[in-house]
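The lines below spell out each chain.
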Amino acid sequence: MESLHEIVQQNAVMISAIILIVAYVFIAWEKISKVTVALLGACATLFLGLLSSNKTPETLGEYFINFIDFNVIFLLVSMMIIVHICARSGMFKWMANEILKLTKGKPKLVLCALALFTAIASAFLDNVTTVILVMPITFVACKKLDLDPIPFLITEVLCSNIGGTATLIGDPPNIIIGSAAGFSFMDFVKELTGIVAIILFATIGILIFLFRKQLKSTPEKMEMVTKIDNSRTILHKGLAIRSGIVLALVILGFMTHDLTHIPTYLIAMIGASVLLAFEKPAKLLMNVEWNTIFFFIGLFIIIGGLEAAGGIDLMAKWLLKVTEGSQAATAMIILWASGILSGIIDNIPYTATMAPMLATIQSIEGAEYTHPLWWCLSLGACLGGNMTIIGAAANVIVSETAHKKGYAISFVRFLKYGLSITMLALLLSTAYIYVRFLIH
């Protein structure tokens, strides 16, 4: 074991990089669950001694727990609890039905309304939860209107990823970025909501045009949608009121972070704890997506091994050398590389790898130099997830659900729309980054 330990220490950067790359390959391959891959990689990192599994004064700097970002973990778990309780009351389904009735069954307006609802909901809920809530409404509406649901589902996926880009809690990459960079909820709203709104309306307009021939129904069928009975959608009024108030207060807490300085994860934990006081925690906690949580934990450990070995530091210095320190060149490489790579591999491990690198660049070049780079990473990673059917978790969920319902969305069909929207989003983001940060 001593000789193995010596070999590992001498080649720590290479070995930790190999573990990370192999994990990426298996995550993209999707034949083995992502959480299994991440935890196996974490086991290899700890077994080989790239991070210490023992907490002693000598190993404190390399103790594996120190590399797990519990701000991210606690925020994710707490928001999952809050959203699940809110969804159980039926409030989200009630809201979607009311929006459908307002459209009077006109297909183009239905598409537009569902797209906007999905985008806005995704800014405050996780994307997977949002599409799970919207899909049943979509299938019901399309059945009543005798329409192919695939254009609606593709639009909802694209808009969920766009809407999730706007806030700290909208998409997991933003949670990672917010924790690493120290950005508040309002920092995301201030810097990203404007450009996200522009991208969203441009996307909806383009998709309505592209799907125009498929968005036609009869007056009789449109009339049926206006008569949806929404009186029994709220399953538990007391629960809806209680969870709605807590969700609103949690979001208000996020928005007032700059005044209160209460960490976002703590605000979410307080909200979740209040709701749990009225629930049976053991039953409710079964609905937390523990696969996602342990996926994050495993990733943090793998990337921690690379960071402790000095690999992240080398990556940061290489990027600065390639761009010769140019802020504009570095920003554009991060934006476009993030956008393209996040369409090929999952944007969560990608962001988890990039965040420590940007933190290193910040320690070298300073916060002012790095500030726009964080927003490039956020825009690229979140919007790039729209490129392919495997680019984000919401894409996969919608694709699998549609297939079970008899509506297969092929990789090529999704790519046809996803690639166009992603390129448009990245071009608009490029213009925004230049105007907002790089033109002095």
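Owing to the predicted nature of the structure, the values given are computational and were not obtained by experimental measurement.

K.L.:
Is there a simple way to explain unusual backbone geometry in this structure?
P.N.:
The general pattern is negative phi for most residues beyond glycine and trans for most peptide bonds. Even without a glycine there, the phi angle at Asp146 is positive, about 55°. Among the structural elements, Asp146 can be located in the loop between helix H7 (127–145) and helix H8 (150–164).

K.L.:
Mind showing me how you'd approach the packing of helix H16 (residues 290–309) against helix H19 (residues 347–365) here?
P.N.:
Working note: a packed helix pair is described by the angle between its axes plus the distance between those axes. Relative orientation of the contacting elements H16 and H19 amounts to 35°, with a least axis distance of 10 Å. Considering only the axes of H16 and H19, their crossing is right-handed. Judged by residue contacts, Phe295, Phe296, Leu299, Ile303 and Glu307 of H16 engage Ile348, Pro349, Ala352, Thr353 and Pro356 from H19. Within the contact of H16 with H19, the residues separate by chemical class into eight nonpolar, one polar and one charged.

K.L.:
What is the right way to look at the pattern of salt bridges in this model?
P.N.:
Side chains that carry opposite charge are capable of pairing whenever their charged atoms lie near each other. Using the criterion set out here, one finds six salt bridges in the structure. A salt bridge links Glu98 to Lys101, with the nearest nitrogen and oxygen atoms 3.9 Å apart. Of the two residues, Glu98 and Lys101 both sit in helix H5 (residues 91–102), three residues apart, roughly one turn of that helix. For Glu98, a relative accessible area of 27% puts it in the partly exposed group. Residue Asp148 pairs with Arg413 through a salt bridge whose shortest N-O separation is 3.8 Å. Within this pair, whereas Asp148 is found in the loop between H7 and H8, its partner Arg413 is found in helix H22 (residues 411–438), the two being separated by 265 residues in sequence. Exposure remark for Arg413: the relative accessible area of 24% places this residue in the partly exposed category.

K.L.:
What exactly am I supposed to notice about the side chain of Thr360 here?
P.N.:
Along the chain, the position of Thr360 falls in helix H19. Among all residues touching Thr360, those that are not within four sequence positions of it are Ile312, Asp313 and Ala316.

K.L.:
Is there a simple way to think about empty space enclosed by the protein in this case?
P.N.:
Rolled over the atoms, a probe with the dimensions of a water molecule shows which regions are left empty. In total, this model carries one cavity of 30 Å³ or more according to the counting rule given. Of the voids in this model, the largest cavity is the one considered here, and its volume is about 110 Å³. Lining the largest cavity are 13 residues, with Leu76, Met79, Asp126, Ile169 and Ile175 sitting closest to its centre. When residues of the lining of the largest cavity are traced back to their parent elements, those giving at least two are helix H4 (70–89) and helix H9 (172–181). Considering every element that reaches the lining of the largest cavity, the biggest residue donor is H4, with five residues. Each residue belonging to the lining of the largest cavity can be placed in one class, and the counts come to 10 nonpolar, one polar and two charged.

Conventions and cut-offs
- Residues numbered from 1 in each chain as written.
- Predicted model: local features only at pLDDT ≥ 70, side-chain atom pairs only at ≥ 80, totals over all residues.
- Heavy atoms only, no water.
- Helix = DSSP H or I, 4+ residues; strand = E, 2+ residues; numbered from the N terminus.
- Axes fitted to C-alpha atoms, helices over the stretch in contact; angles between N-to-C directions.
- Left-handed = near helix turned anticlockwise from the far one by under 90°.
- Contact = heavy atoms within 4.5 Å.
- Nonpolar A, V, L, I, M, F, W, Y, C, P; charged D, E, K, R; others polar.
- Salt bridge = Lys/Arg side-chain N within 4 Å of Asp/Glu carboxyl O.
- Buried < 20%, exposed > 50% of the residue type's maximum accessible area, 1.4 Å probe, protein only.
- 1 Å grid on protein atoms, 1.4 Å probe; cavity = no way out; pocket = protein on both sides within 12 Å on 5 of 7 lines; lining within 4 Å.
- Points joined across faces, edges and corners; volume = space filled by probe spheres on them.

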